[in-house]
4 protein chains.
Amino acid sequence: MVTNSRRISNLGYISRHMPKHETTLRVRYAETDQMGVAYYANYLVWMELGRVEYCRAAGLRYRDLEENDQVLLAVVEASCRYISPARYDDEVIVTTWAEHSTRRTVTFGYEMRIAGSDRKIATGETRHVFCGPDMKPRKLPEKYGELFRAGINGR
Amino acid sequence: MVTNSRRISNLGYISRHMPKHETTLRVRYAETDQMGVAYYANYLVWMELGRVEYCRAAGLRYRDLEENDQVLLAVVEASCRYISPARYDDEVIVTTWAEHSTRRTVTFGYEMRIAGSDRKIATGETRHVFCGPDMKPRKLPEKYGELFRAGINGR
Amino acid sequence: MVTNSRRISNLGYISRHMPKHETTLRVRYAETDQMGVAYYANYLVWMELGRVEYCRAAGLRYRDLEENDQVLLAVVEASCRYISPARYDDEVIVTTWAEHSTRRTVTFGYEMRIAGSDRKIATGETRHVFCGPDMKPRKLPEKYGELFRAGINGR
Amino acid sequence: MVTNSRRISNLGYISRHMPKHETTLRVRYAETDQMGVAYYANYLVWMELGRVEYCRAAGLRYRDLEENDQVLLAVVEASCRYISPARYDDEVIVTTWAEHSTRRTVTFGYEMRIAGSDRKIATGETRHVFCGPDMKPRKLPEKYGELFRAGINGR
């Protein structure tokens, strides 16, 4: 129903439809530091992997967004709470979800834990605005809203 | 006055004494991404540079803390607000200050701007606990409290 | 035959037995630079992933080598020829093989190409010595020689 | 003398004129790994810093080359010999020189040592071609040849 979907869109359509997505990575030697644990800035790289795979699962290849539509997802805020260290060769599961989304902004939430255990290592959040290549704010093209919704309904 | 300085110490001695510290870095090519700006996780690396140089200015070589006293400064929380992009070869001034400190924890605040302009690019905060090499919480050795104070008074 | 296997071991047992190993990774946004391609130092990180997965396939979890036997695989030489750029979100297949190996040194060779195409993007080589945690040369424990051989024969 | 300078240019004008250049950096915590030393890929980042500062000393701001002339310095080959580990907070002096240069290619040589000691930690080499933003080979604009020479003669 058009009226309804428009209303949902206004309220933030991703957050209401898209389930959480899990992606797995393995801690690289390059990512450790001399404390013997993963260096703290790398968690933001892992969040990037989480949201890219979240988008892919929703039918949006982030690369296409940049290449075909000249729309970038610029970060305006990021935060991470470090709960327990990740170590070299650990398999880390990044759970990603959209906490809120409009055609101008998206906020992603993240939870990271070690595969095969209940050990939670971190939680995080990133807030983004859609921009053009000039780094000025832009709306997400309407078709991507459709893509998101299609991806979600189709699963 | 002994009584007073002890009281201050209990309340958080760094934050009350140590002035803000500025350190400068240049954005590396390696730190850019295909958006043509510095990748967002690198700001946390820059905060690390800021707090290391802050400590050095206060008379504490962070390396000695780890090597001689087996005390690590583990991050428990980090956040960054991205205000305006930093670009390749930009000189970034990181202003660092201790917002609060006890013998168990320190919270640093950061502000980053482009040298030679008033353009603020980011603000951030990191919260740390002192740990042993086993990553279990430890108190900062008493002597480092003295070192901080000496460093500050001596300037 | 004991005599023969000992002779092979002296000549470099890995290179004679172990087939090439392929591992796949996806170019991260963090790994791109403002040229719009993967930054050149990251290829050495990818070689690290290649050799770790090579070892895992041969039955050696590199992490165990460090943790249980205090043996590190220190790099003494690395080189890379960049043939064609890798771009964001490309799937890169890293083919890794041991060119030569003794109980003191290993030389790995690498070839990287884009998945789903014949496009070769780079070739490389790294030479390593086994070290103790003091960074002084050490022999690879005998049992790991066995593990390698077992891993290879058992496949 | 025109004839002579043209001949030198053909043979590689940078390598004949420009003295070695030294730049200093401090090993970041982010650059260490769990071996307690600087991770091997970072040496290529340090070489980048070396050649950028080499160019700046010669009167060429590399950023301008990209922004104003759409000329990129793409790497086609890199190698590094690791002699002795660099540790956290070490000051590393990168000595950079042009081994050979034409209007299409440059080869840089590097030597890295720890400040305040004679300890050499690494030597390296990178070979580059000048490219357009399309990553296709291009000649270095003639004026930059002049700039290099002017920078050298003027010192």
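What you see is a predicted model; the values in this text were computed from it and never measured. (Residues numbered from 1 in each chain as written. Chains lettered and ligands numbered in written order. Predicted model: local features only at pLDDT ≥ 70, side-chain atom pairs only at ≥ 80, totals over all residues. Heavy atoms only, no water.)

A.B. asks: Break down the side chain of Arg51(A) for me, with residues and values.
C.D. replies: Tracing the backbone through its elements, the reader meets Arg51(A) in helix H2 (residues 42-57). In this structure Arg51(A) is buried but unpaired, with Glu48(A) as the nearest side chain of opposite charge at 5.7 Å. Here Tyr40(B) takes part through its side chain, which lies 3.1 Å from a polar atom of the side chain of Arg51(A). Aside from chain neighbours lying at most four places away, what touches Arg51(A) is Val75(A), Thr96(A), Phe108(A), Tyr110(A), Thr126(A), His128(A) and Tyr40(B). (Helix = DSSP H or I, 4+ residues; strand = E, 2+ residues; numbered from the N terminus. Buried < 20%, exposed > 50% of the residue type's maximum accessible area, 1.4 Å probe, protein only. Lys, Arg positive; Asp, Glu negative; His and termini not counted. Salt bridge = Lys/Arg side-chain N within 4 Å of Asp/Glu carboxyl O. Polar contact = N/O pair within 3.5 Å; in protein donor to acceptor, adjacent residues only side chain to side chain. Contact = heavy atoms within 4.5 Å.)

A.B. asks: Kindly report on the interface of chain C and chain D, identifying the contributing residues and their values.
C.D. replies: Across the boundary between the two partners, chain C contributes 28 residues, which contact 28 residues of chain D. On inspection of chain C and its partner chain D, the count reaches 12 residue pairs in polar contact (both at pLDDT 80 or more). Per element, the largest residue contribution to the side of chain C that touches chain D is 11 residues, and it comes from strand S2 (residues 72-82) of chain C. Residue classes in the side of chain C that touches chain D are distributed as 19 nonpolar, three polar and six charged. With five bridges joining them, S2(C) and strand S2 (residues 72-82) of chain D adopt antiparallel strand pairing. By the bridge assignment for S2(D), Arg81(C) is matched with Glu77(D). (Nonpolar A, V, L, I, M, F, W, Y, C, P; charged D, E, K, R; others polar. Pairing = 2+ DSSP bridges.)

A.B. asks: So what's going on with the relation of the copies chain D and chain B? Residues and values would help.
C.D. replies: The relation between the two copies of this chain is a rotation about an axis and a shift parallel to it. Superposing chain D onto chain B takes a rotation of 180° combined with a translation of 0.0 Å along the rotation axis, leaving an RMSD of 0.0 Å. What the rotation and shift describe, once combined, is the action of a two-fold rotation axis. Nearest to the rotation axis, the C-alpha of Leu25(D) is located 5.0 Å from it, this being the minimum over chain D. (Least-squares fit on C-alpha atoms with pLDDT ≥ 70 in both.)

A.B. asks: Lay out the interface of chain D and chain B in plain terms, naming residues and giving numbers.
C.D. replies: Facing the 20 residues of chain D at the interface are 20 residues of chain B. Taken over both partners, the interface formed by chain D and chain B buries close to 1800 Å², and the fraction arising from carbon and sulfur atoms is 41%. Its largest share of buried area at the contact with chain B, chain D owes to Arg28(D), Arg63(D) and Tyr88(D), together 38% of the area lost on that side. In this assembly, chain D and chain B are joined by 16 residue pairs in polar contact (both at pLDDT 80 or more). Elements supplying a minimum of two residues to the side of chain D that touches chain B: helix H2 (42-57) and helix H3 (62-69) of chain D. (Buried area = accessible area lost by both parts, 1.4 Å probe.)

A.B. asks: Give me the relation of the copies chain C and chain D: which residues, what numbers.
C.D. replies: Between chain C and chain D, the superposition needs a rotation of 180° and an axial shift of 0.0 Å, giving an RMSD of 0.0 Å. A high fraction, 100%, of the interface residues of chain C reappear at the interface in chain D, so the copies pair face to face through one surface.

A.B. asks: Give me the sheet that holds strand S1 (residues 21-26) of chain B: which residues, what numbers.
C.D. replies: In spatial order, the strands read S1(A)-S3(A)-S4(A)-S5(A)-S2(A)-S2(B)-S5(B)-S4(B)-S3(B)-S1(B); together these 10 strands make up an open sheet with antiparallel pairing. Either end of the sheet is taken by a strand with one partner, and the two such strands are strand S1 (21-26) of chain A together with S1 of chain B. Each neighbouring strand pair of the sheet contributes to a mean axis angle of 25°, computed without reference to strand direction. (Axes fitted to C-alpha atoms, helices over the stretch in contact; angles between N-to-C directions.)

A.B. asks: A description of the confidence of the model for chain A should follow, citing residues and the corresponding values.
C.D. replies: Residue and element names in this part refer to chain A. Considering every residue of chain A, the mean pLDDT works out to 85; 82% of them sit at 70 or more. Low pLDDT, under 50, characterises residues 1-16; the predicted model gives this stretch 23 contacts beyond four residues in sequence or across chains. Contacts from residues 149-155, a stretch scored under 50 in pLDDT, to residues over four places away or in other chains number 10 contacts. In the predicted complex, the global pTM is 0.88; the interface-specific ipTM is 0.85. (pLDDT = per-residue confidence, 0-100.)

A.B. asks: Account for the packing of aromatic side chains, with residues named and values stated.
C.D. replies: Residue and element names in this part refer to chain B. Summed over the entire model, instances satisfying the criterion amount to 36 aromatic pairs over all chains. With a centroid separation of 5.0 Å and an interplanar angle of 70°, the aromatic rings of Tyr-29 and Tyr-88 are classed as edge-to-face. Note that Tyr-29 is positioned in the loop between S1 and helix H2 (42-57) and Tyr-88 in the loop between strand S2 (72-82) and strand S3 (91-101), a separation of 59 residues in sequence. For the pair formed by Tyr-29 and Tyr-88, the shared burial category is buried. With a centroid separation of 4.9 Å and an interplanar angle of 80°, the aromatic rings of Tyr-43 and Tyr-82 are classed as edge-to-face. (Phe/Tyr/Trp six-rings, centres within 6.5 Å; stacked < 30°, edge-to-face > 60°.)

A.B. asks: Quick one: what's the story with the environment of Ala78(A), residue by residue and with numbers?
C.D. replies: Here Ala78(A) is to be found in strand S2 (residues 72-82). Spatially, the C-alpha atom of Ala78(A) lies 4.3 Å from that of Thr126(A), the residues being 48 residues apart in sequence. Residues in contact with Ala78(A), not counting those within four places in the same chain, are Leu44(A), Glu125(A), Thr126(A), Tyr40(B), Ala78(B), Ser79(B), Cys80(B) and Tyr82(B).

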